[in-house]
Amino acid sequence: MTGPRVLIVDDQELIRTGFRLILTARGIEVVGEASDGATAVAAEQRLRPDVVLMDIRMPGMDGLEATRRILARNPACRILMLTTFDLDRYVYSALAIGASGFLLKDVTADHLAASVRLVGTGDALLAPSITRRLVQRFAATADEPPAVHRDLTALTPREREVLALLGRGLSNTELAETLTLSEATVKTHVARIFAKLELRDRAQAVVLAYETGLVTPGDT
């Protein structure tokens, strides 16, 4: 087996079985399954998977709370949220607390495997158009506290510019082209932003960019 070791969490056995068969057939090891959040937390601690496919809505402890507990104990774990529709407030909350992305449950087999491999390398899974719509819909309003609290004063003007572009969903290649910089320089800026703001990956960066007003709905 090659690729990340995966734990599948969903209260529907059919989905767990289907995902396991898809991943296993593509050389990705599934180390375990869980049908609820509490079982998932215990399984992650016991099995130490690289990636967790986490359903959001489950009986008992839901996927959001399970994600919070897993990442509090093991920040290196990568979690992909599973949802039935893309504009889901719980997905937004999960990205804010450190989930590395999300997948719709009707994802194709090849996209599922590619997504698991991607986050297993430490990157975030972001479909820019969907992610921006999600964050625009649920970014904190005046009567709702931010999901991510960070002070941007530690950033240089260039780093703020890079963060704003990250929030708009640009890749490192697109950032380099937009700012007329090398990709190596862009990667250095991104790494410094993450370190200064204690961000796990680009998913949290997108949320932060909107919640601090660095990017506003309608920006292109």
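Residues numbered from 1 in each chain as written. Predicted model: local features only at pLDDT ≥ 70, side-chain atom pairs only at ≥ 80, totals over all residues. Heavy atoms only, no water.

> What is the right way to look at the overall build of the protein in this model?
A tally of helices and strands in the protein yields 10 helices and five strands. The burial tally for the protein puts 50% of its 220 residues in the buried class. Put simply, 69% of the contacts in the protein that link residues at least 6 apart link residues at least 24 apart. Approximately 9,900 Å² of the protein is accessible, and the part contributed by carbon and sulfur atoms is 52%. (Helix = DSSP H or I, 4+ residues; strand = E, 2+ residues; numbered from the N terminus. Buried < 20%, exposed > 50% of the residue type's maximum accessible area, 1.4 Å probe, protein only. Contact = heavy atoms within 4.5 Å. Areas by Shrake-Rupley, 256 points an atom, 1.4 Å probe, with all protein chains shown as cover.)

> I keep staring at the nonpolar core and nothing clicks. Help me out?
Counting 35 residues, the largest nonpolar core has V9, V52, M54, I79, M81, L95 and L134 as the members making the most contacts within it. Those elements that provide at least two residues to this core are β1 (6–9), α2 (37–47), β3 (51–55), α3 (63–73), β4 (78–83), α4 (89–97), α6 (128–138) and α10 (202–211). (Core = buried A, V, L, I, M, F, W, Y, C linked by side-chain atoms within 4.5 Å.)

> I'm lost on the packing of helix α1 (residues 13–25) against helix α5 (residues 109–120) in this one. Help?
Packed helices, taken two at a time, are described by the angle between their axes plus the distance between the axes. Packing of α1 against α5 leaves a shortest axis separation of 10 Å and a crossing angle of 70 degrees. As the angle between them shows, α1 and α5 are arranged roughly perpendicular. Taking contact as the criterion, the partners of F19, I22 and L23 in α1 are, on α5, A109, L112, A113 and V116. Counted by class, the contact of α1 with α5 contains seven nonpolar, no polar and no charged residues. (Axes fitted to C-alpha atoms, helices over the stretch in contact; angles between N-to-C directions. Parallel < 35°, antiparallel > 145°, perpendicular 65-115°, else oblique. Nonpolar A, V, L, I, M, F, W, Y, C, P; charged D, E, K, R; others polar.)

> What's the story with α10 in this structure? I'm lost.
Helical geometry: 3.6 residues make up each α-helical turn, so side chains three or four residues apart lie on a common side. In terms of burial, α10 is largely enclosed, as 10 of its 10 residues are buried. Taken together, the buried positions of α10 are R202, A203, Q204, A205, V206, V207, L208, A209, Y210 and E211. Phi turns positive one or two residues past the end of α10, at G213, with a value near 85 degrees.

> For this particular structure, what's the right way to read the pattern of salt bridges?
Pairing between side chains of opposite charge can happen when their charged atoms approach one another. On inspection of all chains with the given rule, the structure shows 11 salt bridges. Note that E44 is salt-bridged to R48, the shortest N-O span being 3.9 Å. A residue is classified by how much of its surface remains accessible, and E44, at 0% relative accessible area, is buried. Measuring nitrogen to oxygen at the nearest pair gives 3.0 Å for the salt bridge that ties E44 to R73. Taken together, the positions of E44 in helix α2 and R73 in helix α3 put the pair 29 residues apart, joining distant regions of the chain. (Salt bridge = Lys/Arg side-chain N within 4 Å of Asp/Glu carboxyl O.)

> Is there a simple way to think about unusual backbone geometry in this case?
A negative phi holds for most residues other than glycine; trans holds for most peptide bonds. Here the phi dihedral of R48 falls at roughly 50 degrees; this positive angle occurs in a residue that is not glycine. By secondary structure assignment, the location of R48 is in the loop between α2 and β3. On the basis of relative accessible area, R48 is assigned to the partly exposed category, the value being 42%. Positive phi, normally seen in glycine, also occurs at E198, with a value near 55 degrees. When you line up the elements, E198 lands in the loop between α9 (183–197) and α10.

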